[in-house]
Amino acid sequence: MPPRADRPPRCPRCNLAIHLCLCAEIPRVETRTRILLLQHVMEVAKRSNTGRVAALALTNARLFIHGAMVDAFDPAVLSEPGTWLLFPDGPTAPPDAPAPRQLVVLDGNWSQARRMSQRIPALRTLPRLVLPPPEPGLLRLRETSHPSGMSTLDAIARAVALLEGPEAAAPLERLAALRVQRIADCGTLN
């Protein structure tokens, strides 16, 4: 990897190198379900992070940084009725439960997400939306240590498809695939 001074400048909005910038391709996706992205502070600067791009695409989303010295995240937002957590382990909602009005998505690697789910008391009791493991061949930039692991953008697209139908999720799926393809074609996240 080139030294930092030799890396091309990054887009301040999508966090990719300017020549890979996706900003012109980011769709505006409206959902009934509010998406609350709780991003681990260590993910903020990662070029491979997709939480920021998901937040830019979703009109009904908010992005909070967890673990920053000045944390604007108020856990009271997690106690709103109809709040669920997108997570592969834990208490699932009863089959007859109404769909979530608000979905919390933990944005980080598996270890970071697991620690957030354990350290934020309000998350421990939320019903879980559990997605099936990703199908073989899902395009990825990072390997995952959990069998159900996938990028935040892929997970949100799959959750939106499950909750609101494949048409609502299609722009997010296209964005995720375009992002991976553009980076793979260039061979770098710089």
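Up top is the structure these notes are about.
Draft legend 1. Up close: the packing of aromatic side chains. Applying the stated criterion across every chain, the model contains one aromatic pair. With 5.4 Å between their ring centres and 25 degrees between their planes, Phe87 and Trp110 make a pair best called stacked. Here the residue Phe87 occupies a position in the loop between strand S3 (83–86) and strand S4 (102–107), and Trp110 occupies one in helix H2 (residues 110–119), the gap between them amounting to 23 residues. Of the residues examined, Phe87 reaches a relative accessible area of 7% and is grouped as buried.

Draft legend 2. Seen up close, the environment of Ile26. The topology assignment puts Ile26 in the segment before strand S1 (34–40). Residues Ile26 and Arg179, spaced 153 residues apart in sequence, show a C-alpha to C-alpha distance of 10.0 Å. If we skip the residues at most four places from it in the chain, Ile26 touches Arg13, Val53, Leu56, Ala57 and Leu175.

Draft legend 3. Representation of unusual backbone geometry within the structure. Look at Asn15: it is not a glycine, yet its phi comes out positive at around 75 degrees. Mapped onto the secondary structure, Asn15 falls in the segment before S1. Look at Asn15 and you get buried, because its relative accessible area is 9%.

Cut-offs and rules
Within each chain, residues carry numbers counting from 1 in the order of the written sequence. Local features in this predicted model are restricted to residues of pLDDT 70 or higher, and side-chain atom pairs are both shown and tallied only at a pLDDT of 80 or more, whereas totals for entire chains, interfaces and linings draw on every residue. Each side-chain value is derived from all of the structure's non-hydrogen atoms; neither hydrogens nor water enter the calculation. Aromatic rings from Phe, Tyr and Trp, taking only the six-membered ring of Trp, are treated as a pair when their centres fall within 6.5 Å; an angle between ring planes under 30 degrees marks them as stacked, one over 60 as edge-to-face, and anything in between as tilted. To qualify as a helix, a DSSP run of H or I must reach at least 4 residues; to qualify as a strand, a run of E must reach at least 2; elements of each kind are numbered from the N terminus. The buried label goes to any residue with under 20% of its type's maximum accessible area, the exposed label to any with over 50%, and the partly exposed label to all in between, with areas taken from a 1.4 Å probe on protein chains only. By definition, residues are in contact when any of their heavy atoms lie within 4.5 Å.

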